[in-house]
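These are the residues of each chain, in order.
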Amino acid sequence: MPKHGKKYLEAAKKVDPNKFYSVKEAMELVKETSYANFDASVEVSYNLSVDPKQADQQIRGSLVLPNGTGKTQKVIVFAEGPQAEQAKAAGADEVGSDELVEKVQNGYLDFDVVVATPMMMAKVGRLGRILGPKGLMPNPKTGTVTMDIEKAVKNVKAGQVEYRVDRQAAIHTAIGKVSFTEEQLTENFDALRDVILRARPASAKGQYIKSVAVAATFGPGIKLDPLNLD
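Fair warning: this is a prediction, and the values are worked out from it, not measured in the lab.

Caption draft 1: Spatial organisation of the overall build of the chain. In terms of regular secondary structure, the chain is built from eight helices and nine strands. Based on the C-alpha atoms only, the size of the chain along its principal axes is roughly 55 × 45 × 35 Å. A burial count over the chain gives 44% of its 230 residues as buried. The long-range fraction of contacts in the chain, counting pairs at least 24 apart against all pairs at least 6 apart in sequence, stands at 72%. Here the chain has roughly 12,100 Å² of accessible surface; of this, 49% comes from carbon and sulfur atoms.

Following this line, the structure appears as C-alpha cells:
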C-alpha cells in the first residue's frame, strides 16, 4: 500500500469512500479536497466494459471542452506549402518539415501536441519511437492528421483534449483546473461523458460504464454513480 502524506489524509477525510456522489457534489468536493500549492488539474477516470484487444472496441478520439483545459498547449505542425502557412496563421508554435523532423530526432520535445498533414506522415513516421511512447504521434482519429490544419491548430489552442481507452479498459482525461467554477467543470464533464457514451461499441456487452471517479492532482478519488451521471 502506498503511503500518503498528512495533507492527503486530511483531504481524504472529506470523502466517503462508500458513497456515490452526484456530478454537482463531486465538482464541489474536488475543489475542496485539492491541497496542491498550484492550480491543480481535475481529471476524470472511466472504467469501461470493453475489450481493448478488439479493434472495434479501441475507443479513441478528441473533443474541444466548452471551457477549455486551463492550460496553454504548445503545438508543432509538420506541413509544407499552403498548409504550413495556415498553421502559422492559426497560431502554431512551430511549423516545419524535414528540419523539424531532424530537430525532434535530436531531442527536441518542448511541445504538447503534434499535428501533421497526411503527406507528411511518411516523414513523421520516422519519429514513432520518440513520439509514440509519449502519446504524441499524430492520428486521424484525434484530428491531428488532417488537411484542415487551421481547424486542428485552433481546436488544440481552444482546449481540445484526447481520450483513449488503455489496456485496462480505462480512460483518464483532464477536464480543467481547480480554479474553474463548479459550473465550468460540470460543463466539461458533461461534454466528455456525452462523447464516451456515443462511442460505445456495438459489440460491448453488459454495463458499459463500470465506474467513474474524479480527482485533483494528488487529491483523493471521488466516486460517481456510473448509472446516473446527469
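That was the structure; now back to the text.
Caption draft 2: Examining the nonpolar core more closely. Tyr46, Leu48, Phe189, Leu192 and Val214 are the most contacted members of the largest nonpolar core, which has 40 residues in total. Elements with a contribution of two residues or more to this core: α2 (23-32), β1 (41-48), β6 (160-164), β7 (170-177), α8 (182-198), β8 (209-216) and β9 (222-224). With six residues, α8 is the single largest residue contributor to this core. If near-sequence neighbours (up to four positions away) are discounted, leucine 192 is found in contact with Val44, Tyr46, Leu63, Tyr163, Thr173 and Ile175.

Caption draft 3: The arrangement of the environment of aspartate 190 in detail. In this fold, aspartate 190 is placed in helix α8. Exposure remark for aspartate 190: the relative accessible area of 22% places this residue in the partly exposed category. Distance from aspartate 190 to glutamine 73, taken between C-alpha atoms, is 22 Å for residues 117 residues apart in sequence. Polar side-chain contacts of aspartate 190 include one of 3.1 Å to the side chain of arginine 193.

Caption draft 4: Local environment of the sheet that holds strand β4 (residues 94-96). Within the open sheet, the three strands sit side by side as β4-β3-β5. Their pairing is parallel. Every other strand in the sheet has two partners, leaving β4 and β5 (113-116) as the edge strands with one partner each. Each adjacent strand pair in this sheet contributes to an overall mean axis angle of 15°, direction not counted.

Caption draft 5: Molecular detail of α2. Taken together, the buried positions of α2 are occupied by Val23, Ala26, Met27, Leu29 and Val30. Among the structural elements, β1, β7, α8, β8 and β9 are those in contact with the buried residues of α2.

Caption draft 6: Quick look at the packing of aromatic side chains. Counting across every chain of the model gives two aromatic pairs. Summarising the aromatic geometry, the rings of phenylalanine 38 and phenylalanine 218 are spaced 6.0 Å apart at their centres and angled 85° between planes, so their arrangement reads as edge-to-face. One end of the pair, phenylalanine 38, is in the loop between α2 and β1; the other, phenylalanine 218, is in the loop between β8 and β9, with 180 residues separating them in the sequence. Take phenylalanine 38: its relative accessible area is 42%, and that puts it in the partly exposed class. With centroids separated by 5.4 Å and ring planes inclined at 55°, the aromatic side chains of tyrosine 108 and phenylalanine 111 adopt a geometry described as tilted. Its guanidinium or amino end placed over the ring of tyrosine 108, lysine 103 lies 4.3 Å from that ring's centre, counting from NZ or CZ.

Caption draft 7: Molecular detail of the environment of lysine 71. Take lysine 71: it is sitting in the loop between β2 (60-64) and β3 (75-78). Residue classification places lysine 71 among the partly exposed positions, given a relative accessible area of 45%. In sequence terms lysine 71 and glutamate 99 are 28 residues apart; their C-alpha atoms lie 28 Å from each other.

Caption draft 8: The arrangement of the side chain of glutamine 160 in detail. Residue position: glutamine 160 is located in strand β6. Apart from residues lying up to four places away in sequence, glutamine 160 is in contact with Ser62, Leu63, Val64, Gln73, Thr142 and Asn155.

Caption draft 9: The side chain of serine 34, seen in detail. Looking at the element boundaries, serine 34 is found in the loop between α2 and β1. Its relative accessible area of 18% is what places serine 34 among the buried residues. Setting aside its immediate chain neighbours within four residues, serine 34 contacts Ala40, Val178 and Ala216.

What counts as what
- Residues take numbers from 1 onward in each chain, read along the sequence in its written order.
- With the structure being a predicted model, the display of local features is reserved for residues of pLDDT at least 70 and the display and counting of side-chain atom pairs for 80 or more, all residues being used for whole-chain, interface and lining totals.
- For side-chain calculations, the full set of non-hydrogen atoms in the structure is used, while hydrogens and water are omitted.
- Per the convention used, a helix needs a DSSP run of H or I reaching at least four residues, while a strand needs a run of E reaching at least two, with both numbered from the N terminus.
- Burial classes: relative accessible area under 20% of the type maximum marks a residue as buried, over 50% as exposed, and values in between as partly exposed (1.4 Å probe, protein chains only).
- Throughout, a contact is declared for two residues whenever any of their heavy atoms are within 4.5 Å.
- In short, Shrake-Rupley with a 1.4 Å probe defines the accessible areas, and a residue's cover is counted only from the protein chains shown.
- For this analysis, a nonpolar core means a set of buried residues of the types Ala, Val, Leu, Ile, Met, Phe, Trp, Tyr and Cys, connected via side-chain atoms within 4.5 Å.
- The term polar contact refers here to a pair of N or O atoms within 3.5 Å; inside protein, the definition further demands a hydrogen-donor-capable atom paired with an acceptor-capable atom, and it admits residues adjacent in sequence only when both atoms are side-chain atoms.
- Pairing between strands requires that DSSP locate at least two bridges from one strand to the other.
- Every angle, taken between N-to-C directions, lies between 0 and 180 degrees, and every axis is a line fitted to C-alpha atoms, over only the stretch in contact when it is a helix.
- Stacked, tilted and edge-to-face are the three classes assigned to paired rings of Phe, Tyr and Trp, where Trp is represented by its six-membered ring and a pair needs centres within 6.5 Å; plane angles under 30 degrees give stacked, over 60 edge-to-face, the rest tilted.
- Only Lys NZ and Arg CZ are tested; either one counts as a charge over a ring when it is within 6 Å of the ring centre and within 35 degrees of the ring normal.

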